[in-house]
Amino acid sequence: MARLDVTETFHGIMFPGHLHTQDSLSYATDFKFQDTDTLIVTYPKSGTTWMQEIVTLMRCKGHPETSKAKPNWARAPWIEQHYCPDVLSASQGPRLLTTHLPYQLLANALHGSKAKVLYLARNPKDVLVSYYHFHKMAKFLSASESFPGFLSAFLNGKLHYGSWFDHVKDWTSNSKNIQNFLYVTYEEMWMDLPRSVQKVSQFLVCPLLEEELTNIQKVCSFNSMKENSMVNYTLISQDIMDHSKSRFMRKGEIGDWVNTFSMEQNRKFDDVYASKMADSSLTFVWYKPGQETFSKSGMEIDIKPLT
Ligand code: A3P
């Protein structure tokens, strides 16, 4: 299934045809959740692979046997991607599932379910920059002409998988309709991984010994995952993901956006963010602790809290 140039539009949202069909998207919206399922929900580039690795390791008590032997998409399949039914029919035990779908498309399927839903969010400026680089490497996403054009498409919700703003607001504001819901951010994982892993382990009722927690931290560190072919996407052919354009495990930083945004772009982003998030109480960490006020490119960035 190459279909690299195909885009599927489903309920007004674009999805890459390389991974999705109308049937696979309908399969996801009608998905039969089991109460023992764990569903990782993210907007792309929010740290999905990292959370897949953490939960995989947690279930193996910190032993890397599964995470070093089975690709992430085969142990935590995206329910909307075409291969999902095959993966699930070949797997046993409690299922770990992933989705990038917006809340509205899964609301019915999740209604009344006791499946555990783990929503992982990341500050949208870093999501945007990560997504921009991902478009350069992923041949199934239309190549982004320029950063300014990509920024506008992001702010207008015109990228594949839809609007970041709608995604994060709709999932979090509807969390009360989901019986088991946990909200985690990329930044809290980055700043205090042991605490975040404990938080997830409590939610999944998967207690960990000190030694198991230490092992998880080692195996899911950025440097370790960067070298793990089961999560760094080097198993995928160069025709589909061109690692010479960008690496999947690219930087793994908080606040990397300051190296790409101009002051003007930052202002524009902040204005749109303020208007679109006016009805949300979510807050994000925008800078790495101790980050300087100047980007490496010498461009001064306004360090001002976003509310
Ligand atoms: P960058 O492009 O900013 O480096 P997703 O899995 O949702 O596609 O997200 C990919 C982003 O998560 C990439 O961000 C990647 O480097 C980052 N990431 C993956 N594993 C990580 C880890 N162990 N620690 C920190 N960042 C990680």
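Structure first, text after, so check above.
Figured I'd write up the structure that's included with this text. (Residues numbered from 1 in each chain as written. Predicted model: local features only at pLDDT ≥ 70, side-chain atom pairs only at ≥ 80, totals over all residues. Heavy atoms only, no water.)

Moving on, we come to the packing of helix α2 (residues 48-59) against helix α10 (residues 193-203). The N-to-C vectors of α2 and α10 enclose an angle of 65 degrees; their axes lie 11 Å apart at closest approach. Remark: the crossing between α2 and α10 carries right-handed chirality. For the pair α2 and α10, the contacting residues are Trp 50, Met 51, Ile 54, Val 55 and Met 58 in the first and Leu 193, Val 197, Val 200 and Ser 201 in the second. When the residues that make up the contact of α2 with α10 are grouped by side-chain class, the tally is 8 nonpolar, 1 polar and no charged. (Axes fitted to C-alpha atoms, helices over the stretch in contact; angles between N-to-C directions. Helix = DSSP H or I, 4+ residues; strand = E, 2+ residues; numbered from the N terminus. Left-handed = near helix turned anticlockwise from the far one by under 90°. Contact = heavy atoms within 4.5 Å. Nonpolar A, V, L, I, M, F, W, Y, C, P; charged D, E, K, R; others polar.)

Attention shifts here to the site of the ligand. The ligand sits among 18 residues. The nearest are Thr 48, Thr 49, Ser 130, Lys 251 and Gly 252. Within the side chain of Arg 122, an N or O atom sits 3.0 Å from an oxygen atom of the ligand. With respect to the ligand, the backbone of Lys 251 contributes an N or O atom lying 2.7 Å from an oxygen atom. If the ligand stood free it would expose 570 Å²; the protein chains cover 97% of that surface. (Near = heavy atom within 4 Å. Polar contact = N/O pair within 3.5 Å; in protein donor to acceptor, adjacent residues only side chain to side chain. Areas by Shrake-Rupley, 256 points an atom, 1.4 Å probe, with all protein chains shown as cover.)

In this section: the packing of aromatic side chains. Counted by the stated rule, this structure contains 30 aromatic pairs. Note that Lys 45 overlies the ring of Phe 134, its terminal NZ or CZ placed 3.8 Å from the centroid. In this arrangement the basic side chain of Lys 125 is found over the ring face of Trp 257, its NZ or CZ atom lying 4.2 Å from the centre. (Phe/Tyr/Trp six-rings, centres within 6.5 Å; stacked < 30°, edge-to-face > 60°. Lys NZ or Arg CZ within 6 Å of the ring centre and 35° of its normal.)

Further remarks concern the sheet that holds strand β3 (residues 38-42). Spatially, β4-β3-β5-β6 is the arrangement adopted by the 4 strands of the open sheet, whose pairing is parallel. In this open sheet, the two edge strands, each paired with only one partner strand, are β4 (96-99) and β6 (180-185). In this sheet, adjacent strand axes meet at a mean angle of 20 degrees when their direction is disregarded. Summarising the sheet, strand β5 (residues 116-121) and β6 pair through 6 bridges and their orientation is parallel. Each residue of the ladder has a partner; that of Leu 120, found in β6, is Val 184. Of the strands in this sheet, β3, β4, β5 and β6 touch α2, which is tilted by about 170 degrees from β4. Across the sheet, helix α8 (residues 164-173) lies against β3, β5 and β6, angled at about 145 degrees from β5, the strand it touches most. (Pairing = 2+ DSSP bridges.)

Right, let's get into unusual backbone geometry. A positive phi angle, near 50 degrees, is found at His 11, a position not held by glycine. Here His 11 is to be found in the loop between β1 (7-10) and β2 (13-16). Its relative accessible area of 60% is what places His 11 among the exposed residues. Residue Tyr 233 is not a glycine yet carries a positive backbone phi of 65 degrees. Position of Tyr 233 relative to the elements: it lies in the loop between α12 (222-227) and α13 (263-276). (Buried < 20%, exposed > 50% of the residue type's maximum accessible area, 1.4 Å probe, protein only.)

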